Amino acid sequence: MCLNQSQADSIFDYVPVSVSGESKKVLIVDDSDFMRMMLEDILTHSGHTVLQAKDGLECLNILQNETVDVCVLDIGMPVMDGIEVLKRIKEGQPELKVVMLSAWAKESTIKQTLQLGADAYVVKPFQAQCLIERVG
């Protein structure tokens, strides 16, 4: 059974907070060109700087050379899925904020990402404000 956003939020004990307006450097990791462009549009209009990676390996390579504040990470990707990327990010940069973004909204998957150190989970399809709040 797939969960909705409020159910995912309850697993993460997510409490809405006002967005600070502080500009962040965000790395978007998604194998869909369209999704990366849409996410970049949403986040840049909210004042953030955006980098993009098309898969997990590219994400990890970027993180070796760039300092980012938040990583928005899809789960279903070729080469290396988001779960494996999350594990590797948290091994090397445990302080990096990671927001999972996926249509894979099974309770077990959401709980797994929480246990691995994800900071939030956004269920696709999503409202722009939902993403902005969790990144911000």
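Before reading further, recall that the structure is shown in the block above.
Per chain, the residues get numbers from 1 upward, laid out in the order the sequence is written. The predicted origin of the model limits local features to residues at a pLDDT of at least 70 and limits the giving and counting of side-chain atom pairs to 80 or more, whereas totals for whole chains, interfaces and linings rest on all residues. Heavy atoms throughout the structure, all of them, feed into the side-chain values; hydrogens and water do not.

*Asks:* How should unusual backbone geometry be read in this particular structure?
*Replies:* It is generally the case that most residues other than glycine have a negative phi and that most peptide bonds are trans. Residue Pro-125 is reached from Lys-124 by a cis peptide bond, and omega for that bond is -10°. In this text, helices come from DSSP runs of H or I with a minimum length of four residues, and strands from runs of E with a minimum of two, each type numbered from the N-terminal end. Relative to the elements of secondary structure, Pro-125 occurs in the loop between β5 (120–123) and α6 (128–135). We note that Asp-13 has phi near 50°; this positive angle belongs to a residue other than glycine. Looking at the secondary structure, you find Asp-13 in the loop between α1 (5–11) and β1 (25–29). Throughout, exposure labels follow a simple rule: accessible area from a 1.4 Å probe, protein chains only, divided by the maximum for the residue type, with under 20% read as buried, over 50% as exposed, and the rest as partly exposed. When its relative accessible area of 66% is taken as the criterion, Asp-13 is described as exposed. Even without a glycine there, the phi angle at Val-79 is positive, about 75°. The topology assignment puts Val-79 in the loop between β3 (70–74) and α4 (82–92). Classification of Val-79 as exposed rests on a relative accessible area of 61%.

*Asks:* Which parts of the structure should I look at to understand the pairing of β1?
*Replies:* For β1, a buried count of 4 out of 5 residues is recorded, marking the element as mostly surrounded by other parts of the structure. Two strands pair when backbone bridges link them, and β1 and strand β2 (residues 49–53) are joined in this way by 5 bridges, in the parallel orientation. Residue pairing across strands places Val-29 opposite Ala-53, the latter belonging to β2. Pairing between two strands is assigned when DSSP locates at least 2 bridges connecting them.

*Asks:* I'm lost on the nonpolar core in this one. Help?
*Replies:* A general trend in soluble globular proteins is that nonpolar side chains are found buried together. In this description, a nonpolar core means a group of buried Ala, Val, Leu, Ile, Met, Phe, Trp, Tyr and Cys residues linked to one another through side-chain atoms lying within 4.5 Å. Ranked by internal contacts, the top residues of the largest apolar core, which has 29 residues, are Leu-27, Cys-59, Cys-71, Leu-73 and Ile-89. Mapped by element, the contributors of at least two residues to this core are α1, β1, α3 (56–65), β3, α4, β4 (97–102) and β5. If you look at the next biggest cluster of nonpolar residues, it comprises 18 residues, including Val-26, Leu-39, Ala-120 and Val-135.

*Asks:* Sorry, what's going on with α3 here?
*Replies:* For the α-helix, the turn length of 3.6 residues means that residues three or four positions removed from each other point alike. Those residues of α3 that sit buried are Gly-56, Cys-59, Leu-60, Ile-62 and Leu-63. For α3, the angular spread of buried residues about the axis comes to 160°, placing them on one side. Facing away from the buried surface of α3 by more than 90 degrees, the exposed residues are Gln-64 and Asn-65. Looking at the buried side of α3, the elements it contacts are β1, β2, β3 and α4. Comment: arc refers to directions from the helix axis out to C-beta atoms. Any pair of residues with heavy atoms lying within 4.5 Å of one another is described as a contacting pair.

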